[in-house]
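Survey of secondary and tertiary structure
Here is how the chains run, residue by residue.
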Amino acid sequence: MANITAEILSLDQIRELAITVLTAAGMDANGGSLIANIVTQSERDGLRSHGLRMLPFYVQSFQSGYANPVARPLIERIAPGVLRGDGDNGYYQIAAALAQDDLAGIAQENGIAAFTCANCHHLAALRFDTESFAEAGLIALMMVNSLSMVVPQGGVRPVFGTNPMSFACPRKGMAPVVWDQASSMMALMDIKLAAAEGRDLPRAAGLDSTGQPSTDPKAILETCSLLPFGEHKGAAIAFLVEVLGAALAGGALSVDNADRDAHGALNIKGGSTLIVIDPARFGNASFDDYLTRICAEIEGNGDARVPGDGRLKHRAAADSDGVAVSAELISQLRNIH
């Protein structure tokens, strides 16, 4: 592994750096603040691949003209339980922030609500799109389709994106249970991070130029042919996300790359769907007790842990001690204009 010099930054310093970079790229105060928060939360939770390292990709999307840095999304209620968003070619989180209160209110009224969004971009981890609902006592499930680079089981060319999904639910007396995962063996940005740091992957996550499974991140990035997790099972999940993301929302399919290629961007303008559930409206007054029992059966069960709870120790350490950030990356970001 390459020797990497690091600096310790506080979370406030990380957020300030992110806002500076995004503002220089043309984002307005509202959008810049939202994306900077996500970058900061990623670094806080140990999700380095979606933190400061993602900023150059946001900048590229604006400077190439692919994404709108001053988006003004539109949200409409098209059915009693459905909100539909047009992201005005900006980032999803800007539209989602406008929809959040109404979406939560509809879920509390009807028991369940959904929000779809198209004409938008998504480059962040999904966990931050669902966690706030769980903090309000709601269950949230989200999926978004992405740039095609995952080969379906038995196929010879990519069809699906890494097509991530996220789940969050409240947990009485503790932080919510929150997880997100790609449909691929590994997320693209984790492979890019391994390549940048000069290390092999822990398991074969894609194909090399000979069509063989490889742990070499650079070889996988050359082919852009990632493997689904769990073989046909992961491919099936990727299919589900493609339907509930692109098809339901009316976003670009993962294979629709022409516009992305023309701008040299990392992502497509896919579609997203967020489903929010109010457990209090589903008739089981013991919901919290069920969650407590499920988690108790996992904790202390060998080395098992509740899905997503690994982020909590990173969060506590980052709050008190700051975050180690590559000095090279800091220098690169400070030189973005």
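Let us look at the structure shown here. Once a new chain begins, its residue numbering starts again from 1 and follows that chain's sequence as written. For this predicted model, a pLDDT threshold of at least 70 governs which residues receive local features, and a threshold of 80 or more governs which side-chain atom pairs are given and counted, while totals over whole chains, interfaces and linings are taken from all residues. Hydrogens and water are ignored here; the side-chain numbers use all heavy atoms of the structure.

**A word on the overall build of the chain**
Here a helix means four or more residues in a row that DSSP labels H or I, a strand means two or more in a row labelled E, and each is numbered from the N terminus. Secondary structure assignment for the chain yields 12 helices and 11 strands. When we talk radius of gyration, it's over C-alpha atoms, and the globule rule is simply 2.2 Å times the number of residues to the 0.38. A compact globule built from 337 residues should have a C-alpha radius of gyration of about 20 Å, and the chain, at 20 Å, falls within 12% of that. The C-alpha extent of the chain, read off along each of the three principal axes, is 55 × 50 × 45 Å. Each residue is placed in one exposure class: buried if its accessible area under a 1.4 Å probe, protein chains only, is under 20% of its type's maximum, exposed if it is over 50%, and partly exposed if it falls in between. Taken over 337 residues, the chain has a buried fraction of 50%.

**A few points about the sheet that holds strand S10 (residues 272-277)**
Pairing between sheet strands relies on hydrogen bonds along the backbone, with the strands arranged either parallel or antiparallel. Strands are treated as partners if at least two bridges between them are detected by DSSP. Read from one edge of the open sheet, 7 strands run S2-S3-S4-S10-S5-S6-S7, paired in mixed fashion. The strands lining the two open edges of the sheet, one partner per strand, are strand S2 (74-79) and strand S7 (174-181). Averaged over all neighbouring strand pairs, the angle between strand axes comes to 15 degrees, with direction disregarded. Angular values range over 0 to 180 degrees, each being the angle between N-to-C directions of two axes fitted as lines to C-alpha atoms, with helices fitted over their stretch in contact.

**What to know about the side chain of asparagine 267**
Along the chain, asparagine 267 falls in the loop between helix H9 (258-263) and S10. A relative accessible area of 5% places asparagine 267 in the buried class. Polar contacts, as used here, are pairs of N or O atoms within 3.5 Å; protein pairs need one atom able to donate a hydrogen and one able to accept it. Residues neighboring in sequence count only if both atoms are side-chain atoms. Within the local environment of asparagine 267, its side chain forms a polar contact with the side chain of histidine 121, the two groups lying 2.9 Å apart. Whether two residues touch is decided by their heavy atoms; if any such pair falls within 4.5 Å, the residues are in contact. The contacts of asparagine 267, once residues within four sequence positions are left out, are Tyr66, His121, His122, Leu123 and Arg260.

**Some words on the packing of helix H1 (residues 11-24) against helix H3 (residues 55-63)**
Running from N to C, H1 and H3 point in directions that differ by 15 degrees, and their axes come no closer than 9 Å. The angle between H1 and H3 places the two elements in the roughly parallel class. In the packing of H1 onto H3, the handedness of the crossing is right-handed. Only Leu55, Tyr58 and Val59 of H3 make contact with H1, whose side of the interface consists of Ala18, Val21 and Leu22. Here the word oblique covers every angle except those under 35 degrees (roughly parallel), over 145 (roughly antiparallel) and from 65 to 115 (roughly perpendicular). Less than a right angle of anticlockwise turn of the near helix away from the far helix marks a crossing as left-handed, whereas a clockwise turn marks it as right-handed.

**Overview of the nonpolar core**
Formed by 52 residues in total, the largest nonpolar core has its most connected members in Ile35, Leu52, Leu55, Tyr58 and Leu333. At the level of elements, H1, helix H2 (29-44), H3, helix H6 (188-197), strand S11 (323-326) and helix H12 (327-334) are the ones that each hand at least two residues to this core. Tallying contributions element by element places H1 first for this core, with 6 residues. Beyond its immediate stretch of four places on either side in the chain, isoleucine 35 contacts Leu22, Met27, Tyr58, Tyr91 and Gln93. Definition of nonpolar core: a set of buried residues of the types Ala, Val, Leu, Ile, Met, Phe, Trp, Tyr and Cys, connected through side-chain atoms within 4.5 Å. Residues Ile106, Phe133, Val144 and Val276 belong to the second largest nonpolar core, which totals 21 residues.

**Comments concerning a nonpolar patch on the surface**
Patch rule: a residue counts if its relative accessible area is over 30% and it has no salt bridge; like charges are joined within 9 Å, and nonpolar side chains (Val, Leu, Ile, Met, Phe, Trp, Tyr) within 5 Å. The accessible surface values rely on the Shrake-Rupley method and a 1.4 Å probe; as for residues, cover is taken only from the protein chains in view. Within this document, salt bridges are pairs made up of a side-chain nitrogen of Lys or Arg and a carboxyl oxygen of Asp or Glu, the two lying within 4 Å of each other. A cluster of nonpolar side chains, namely Val159, Leu253 and Val255, defines an oily patch on the protein surface of about 200 Å² accessible area. Structurally, valine 255 is set in the loop between helix H8 (232-249) and H9. With relative accessibility at 42%, the residue valine 255 sits in the partly exposed group.

**Description of the packing of aromatic side chains**
Two aromatic rings from Phe, Tyr or Trp, using only the six-membered ring of Trp, form a pair when their centres are within 6.5 Å; if the ring planes differ by under 30 degrees the pair is stacked, by over 60 it is edge-to-face, and anything between is tilted. All chains considered together, the criterion is met by 4 aromatic pairs. Measuring from ring centre to ring centre gives 5.7 Å for phenylalanine 62 and tyrosine 91, while their planes differ by 80 degrees; the resulting arrangement is edge-to-face. In this pair, phenylalanine 62 sits in helix H3 while tyrosine 91 sits in strand S3 (residues 82-91), placing the two residues 29 residues apart along the sequence. Connected via pairs of aromatic rings, a cluster forms that spans Tyr58, Phe62 and Tyr91.

**Some points on the state of the cysteines**
We call a pair of cysteine sulfur atoms a disulfide when they lie within 2.5 Å. Counting across every chain of the model gives 0 disulfides. The thiol of cysteine 117 is not disulfide-bonded; the next cysteine sulfur, from cysteine 120, is found 3.8 Å away. Residue classification places cysteine 117 among the buried residues on the basis of a relative accessible area of 0%. Here cysteine 169 is not cross-linked by a disulfide; its sulfur's nearest cysteine counterpart is in cysteine 295, at 6.8 Å. On the accessibility criterion, cysteine 169 (4% relative accessible area) is buried.

**As for the pattern of salt bridges**
For side chains of opposite charge, pairing can occur when their charged atoms come near one another. This structure, assessed with the given rule, holds 13 salt bridges. In this structure, the salt-bridge partner of arginine 44 is aspartate 45, at a minimum N-O distance of 2.8 Å. The exposure class assigned to arginine 44 is buried, which follows from its relative accessible area of 16%. Between arginine 293 and glutamate 297 there is a salt bridge, with its nearest N and O atoms 2.9 Å apart. With arginine 293 and glutamate 297 both in helix H10 (residues 287-298), this residue pair falls 4 residues apart, about one helical turn.

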